[in-house]
Amino acid sequence: LVIDTVIPYQEKILNDEIPGVEKSHALANFRIAAGLEEGEFYGMVFQDSDVAKWLEGVAYALEVRPDPELEERADKVIEIIEKAQQDDGYLDTYYIINGKDKIFTNLKDHHELYCMGHLIEGAVAYYEATGKDKLLKAAARFADYAAAHFGPEEGKCKGYPGHEIAEMALVRLYEVTKEPRYLELSKFFIDERGKRPYYFDKEHPEEVKKGHENDLRYFYNQAHLPVRQQDEAVGHAVRAVYLYSGMADIARLTEDETLYQSCEKLWDSIANEKMYITGG
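Scope of this entry: the structure provided in the associated data block. Please read all numbers here as calculations on a predicted model, not as lab measurements.

Concerning the overall build of the protein
Helix and strand content of the protein: 12 helices and zero strands. Each helix and strand of the protein, placed in order from N terminus to C terminus, yields the pattern α-α-α-α-α-α-α-α-α-α-α-α. A compact globule built from 280 residues should have a C-alpha radius of gyration of about 19 Å, and the protein, at 19 Å, falls within 12% of that. Dimensions along the principal axes, computed over C-alpha positions, put the protein at roughly 55 × 40 × 40 Å. Looking at the protein as a whole, 49% of its 280 residues are labelled buried. Taking contacts inside the protein between residues at least 6 apart in sequence as the whole, the part at least 24 apart equals 63%. Summed over all atoms, the accessible surface of the protein reaches about 13800 Å², with 51% contributed by carbon and sulfur. Averaged over its 33 positive side-chain charges, the protein has a centre that lies 2 Å from the centre of its 53 negative ones.

A short note on the packing of helix α2 (residues 26-33) against helix α4 (residues 68-84)
At their nearest, the axes of α2 and α4 sit 7 Å apart, and the two run at 45° to each other. Classed by the angle they form, the pair α2 and α4 counts as oblique. Like other packed secondary-structure pairs, α2 and α4 cross with a definite hand, here left-handed. Of the residues in α4, those touching α2 at Leu27, Phe30, Arg31 and Ala33 are Val77, Ile80, Ile81 and Ala84. Grouping the constituent residues of the contact of α2 with α4 by class yields seven nonpolar, no polar and one charged.

Quick word on the packing of aromatic side chains
Aromatic rings considered in pairs are described by the distance between their centres and by the relative angle of their planes. Taken as a whole and judged by the stated rule, the model has 15 aromatic pairs. Summarising the aromatic geometry, the rings of Phe104 and Tyr145 are spaced 6.0 Å apart at their centres and angled 45° between planes, so their arrangement reads as tilted. You can see Phe104 sitting in the loop between α5 (93-98) and α6 (112-130) and its partner Tyr145 sitting in helix α7 (residues 134-149), a full 41 residues away along the chain. For the pair formed by Phe104 and Tyr145, the shared burial category is buried. Residues Phe104 and Phe150 carry aromatic rings whose centres are separated by 4.9 Å and whose planes lie at 65° to one another, so their mutual orientation is edge-to-face. Linking Phe104 in the loop between α5 and α6 with Phe150 in the loop between α7 and α8 (166-177), this pair joins segments that are 46 residues apart in sequence. Residue classification places Phe104 among the buried residues on the basis of a relative accessible area of 3%. Through a chain of ring-to-ring contacts, the aromatic side chains of Tyr90, Phe104, Phe142, Tyr145, Phe150, Phe188 and Phe189 assemble into a single cluster. Residue placement shows Lys23 over the ring face of Tyr42; its charged tip is 4.3 Å from the ring centre. In this structure, Lys178 packs its charged tip against the face of Tyr174, placed 6.0 Å from the ring centre.

Here's the deal with empty space enclosed by the protein
Per the counting criterion, the structure on display carries two cavities of 30 Å³ or more. The computed volume of the largest cavity comes to approximately 70 Å³. Every residue along the wall of the largest cavity is listed here: Phe30, Asp48, Val51, Ala52, Ile81, Leu91, Cys115 and Leu119. Looking at the lining of the largest cavity, the elements with two or more residues in it are α3 (48-64) and α6. Of all the elements, α3 adds the most residues to the lining of the largest cavity, at three residues. In terms of residue class, the lining of the largest cavity is built from seven nonpolar, no polar and one charged. The space that makes up the second largest cavity amounts to roughly 30 Å³. The wall of the second largest cavity is formed by Asn106, Leu107, His110, His111, Glu112, Leu113, Tyr114, Pro161, Gly162 and His163. Of the residues assigned to the lining of the second largest cavity, the class counts are four nonpolar, five polar and one charged.

Comments concerning a nonpolar patch on the surface
Nonpolar side chains collect at one region of the surface, where Leu1, Val2 and Val6 lie side by side and expose about 300 Å² of accessible area between them. Counting through the fold element by element, Val2 comes out in helix α1 (residues 2-14).

Scoring rules and cut-offs
Residues numbered from 1 in each chain as written. Predicted model: local features only at pLDDT ≥ 70, side-chain atom pairs only at ≥ 80, totals over all residues. Heavy atoms only, no water. Helix = DSSP H or I, 4+ residues; strand = E, 2+ residues; numbered from the N terminus. Rg over C-alpha atoms; globule rule 2.2 N^0.38 Å. Buried < 20%, exposed > 50% of the residue type's maximum accessible area, 1.4 Å probe, protein only. Contact = heavy atoms within 4.5 Å. Areas by Shrake-Rupley, 256 points an atom, 1.4 Å probe, with all protein chains shown as cover. Lys, Arg positive; Asp, Glu negative; His and termini not counted. Charge placed at Lys NZ, Arg CZ, Asp CG, Glu CD. Axes fitted to C-alpha atoms, helices over the stretch in contact; angles between N-to-C directions. Parallel < 35°, antiparallel > 145°, perpendicular 65-115°, else oblique. Left-handed = near helix turned anticlockwise from the far one by under 90°. Nonpolar A, V, L, I, M, F, W, Y, C, P; charged D, E, K, R; others polar. Phe/Tyr/Trp six-rings, centres within 6.5 Å; stacked < 30°, edge-to-face > 60°. Lys NZ or Arg CZ within 6 Å of the ring centre and 35° of its normal. 1 Å grid on protein atoms, 1.4 Å probe; cavity = no way out; pocket = protein on both sides within 12 Å on 5 of 7 lines; lining within 4 Å. Points joined across faces, edges and corners; volume = space filled by probe spheres on them. Patch = residues over 30% accessible without salt bridge, like charges linked within 9 Å, V, L, I, M, F, W, Y side chains within 5 Å. Salt bridge = Lys/Arg side-chain N within 4 Å of Asp/Glu carboxyl O.

The following block contains the structure:
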């Protein structure tokens, strides 16, 4: 059912081919960014991620059952993504279309690193399923761009994702490419999260109410405390589990016992206190 019905239906959604359904415009955004057609960006700031998730789903489907026709259609989508990528490696259609002067200026809300994370997840899955590395190379170039911008070194941005997934995705990219800077960037995002003064306060000083400057904030983003001080799962559940998965990967690969202990506490919080009987 998923392979034969859902994946083709999603493909039509991405191409705005289902009558009566609000348009996605996700692939159109990539075509516009690539200069293949004229138009304006449409959709949510994270619209790119829908295309990456579809490609990831295709990859898992191809592992279950080879389908040359589906693979060819996916390859054509990947070609559009590759054409949209900027010469410096940047790849987010919202800013490519609307102006690159605001890149990485709203990490809390604008999902660039989230889109990068899903691109990486899709690229790794597609590489593992097909052996084709065109999307993997594109994702790695975007990760290289991010690694040149963020980090502990002097002059680099000390921000981290508002919506997590880059943390776990960068580990997957590292495990495929063996390039250490992807592991280091994931670790940086995890280690920097929740430090005071808050990076998100620097981005959004208007949100900090007078007299409340020292309050804990950003529970929703799991950025209220450094991760090694967190022992309760809070906030947006998807963001949280993406972060905790990345933490577990970093703890495993770097043998970080304190990070591992935090993962155990957060697991216990989810499994014993936060989960509904339905598993939700």
